[in-house]
Amino acid sequence: MDMKAIGLIGGMSWESTVHYYEIINRTVARELGGHHSARCLLYSVDFQPIVDCQQAGRWEEAGRALADVAKRLEGAGADCIVICTNTMHKVADQIAAAVGIPLLHIAEVTADELLAAGIKKVGLTGTKYTMQQDFYKEKLAGRGIEVLAPEEGVMDRLNAIIFDELCLGVIKEESRAYFVAAIEDLSARGAQGVILGCTEIGMLVGQKDTQTPLFDTTEIHARRAALLALR
């Protein structure tokens, strides 16, 4: 079959990019059998300059850097672009405009999963940028999904767990307990499910930790990328 090549913009952080590669290849192997694996190109960026741009609000500068990466992937033969992070979808339009191949948006495929599960009100966890700003939530709202975010102090703690621990490969039981408590609070406020809206969260929290339905964006995004490449 004519399998498409997936262009992965990774490294933000590399800890979660590892899971993208694994999920994509497992999906292709499951779909095709035998010794099949995914055709993909990975450009893993240095995350620190991107973090610096995030903290300083220099989003356009970060967008230019990632748009250049997307052009390099397209030039190398990629048939689609996948940004392996939720937060940097803030500049997804800037990246998509730089190339002539489709970009698979993480919030859009997550919305597909939510609607398929009958979820109309969802809790959102992630970095403070994803939880506070509209670039992600508006994609869900545009599909008729109401979004609940944690309280501001909780946002700050979740953000610190992501950047100071998970992005560095650090897993702490007390942080898992805090995340689960935040998820349960969103459920108590009426969320029918909760989005793990940062690609590192699945390293810490899984469905085994809570009865609240979880939607792991890393799993969703990577699986949909693989299926897109096949179909």
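Before reading further, recall that the structure is shown in the block above.
About the cut-offs
Residues numbered from 1 in each chain as written. Predicted model: local features only at pLDDT ≥ 70, side-chain atom pairs only at ≥ 80, totals over all residues. Heavy atoms only, no water. Buried < 20%, exposed > 50% of the residue type's maximum accessible area, 1.4 Å probe, protein only. Helix = DSSP H or I, 4+ residues; strand = E, 2+ residues; numbered from the N terminus. Pairing = 2+ DSSP bridges. Phe/Tyr/Trp six-rings, centres within 6.5 Å; stacked < 30°, edge-to-face > 60°. Lys NZ or Arg CZ within 6 Å of the ring centre and 35° of its normal. Axes fitted to C-alpha atoms, helices over the stretch in contact; angles between N-to-C directions. Contact = heavy atoms within 4.5 Å.

Counting buried residues along strand 4 (residues 121–125), 4 of its 5 residues qualify, which places the element largely inside the surrounding structure. Inspection of the sheet shows strand 4 paired to strand 5 (residues 146–148) by 3 bridges, in the parallel sense. Its bridge partner being in strand 5, Lys-121 is matched across the sheet by Glu-146. Inspection of the sheet shows strand 4 paired to strand 6 (residues 193–196) by 4 bridges, in the parallel sense. Residue pairing for strand 6: Leu-124 is matched across the bridge by Ile-195.

Bringing the packing of aromatic side chains into the picture now. Pairs of aromatic rings are described using the distance from one ring centre to the other and the angle between the two planes. Under the defined criterion, the tally for this structure stands at 2 aromatic pairs. Geometrically, the ring pair formed by Trp-59 and Tyr-129 is edge-to-face, given 5.2 Å between the ring centres and 80° between the ring planes. Separated by 70 residues along the polypeptide, Trp-59 in helix 3 (residues 59–75) and Tyr-129 in helix 6 (residues 128–132) bring together distant segments of the chain. For Tyr-129, a relative accessible area of 8% corresponds to the buried category. An angle of 85° between the planes, with centres 6.4 Å apart, marks the rings of Phe-135 and Tyr-136 as edge-to-face. Each of the two residues, Phe-135 as well as Tyr-136, counts as buried. Positioned above the aromatic ring of Tyr-178, the side-chain terminus of Arg-157 is 5.8 Å from the ring centre.

Our next topic: the sheet that holds strand 1 (residues 6–10). Taken in spatial order, the 3 strands of this open sheet run 2-1-3, and their pairing is parallel. Of all the strands in the sheet, the pair left with one neighbour each is strand 2 (40–44) and strand 3 (80–83). Each adjacent strand pair in this sheet contributes to an overall mean axis angle of 20°, direction not counted. Packed on one face of the sheet, helix 10 (residues 217–230) meets strand 1 and strand 3 and runs near 175° to strand 3.

Turning our attention to the environment of Ser-37. Within the element layout of this structure, Ser-37 appears in the loop between helix 1 (14–32) and strand 2. Overall, the relative accessible area of 41% leaves Ser-37 in the partly exposed class. Setting aside residues no more than four positions away along its own chain, Ser-37 makes contact with Met-3, Asn-25 and Val-28.

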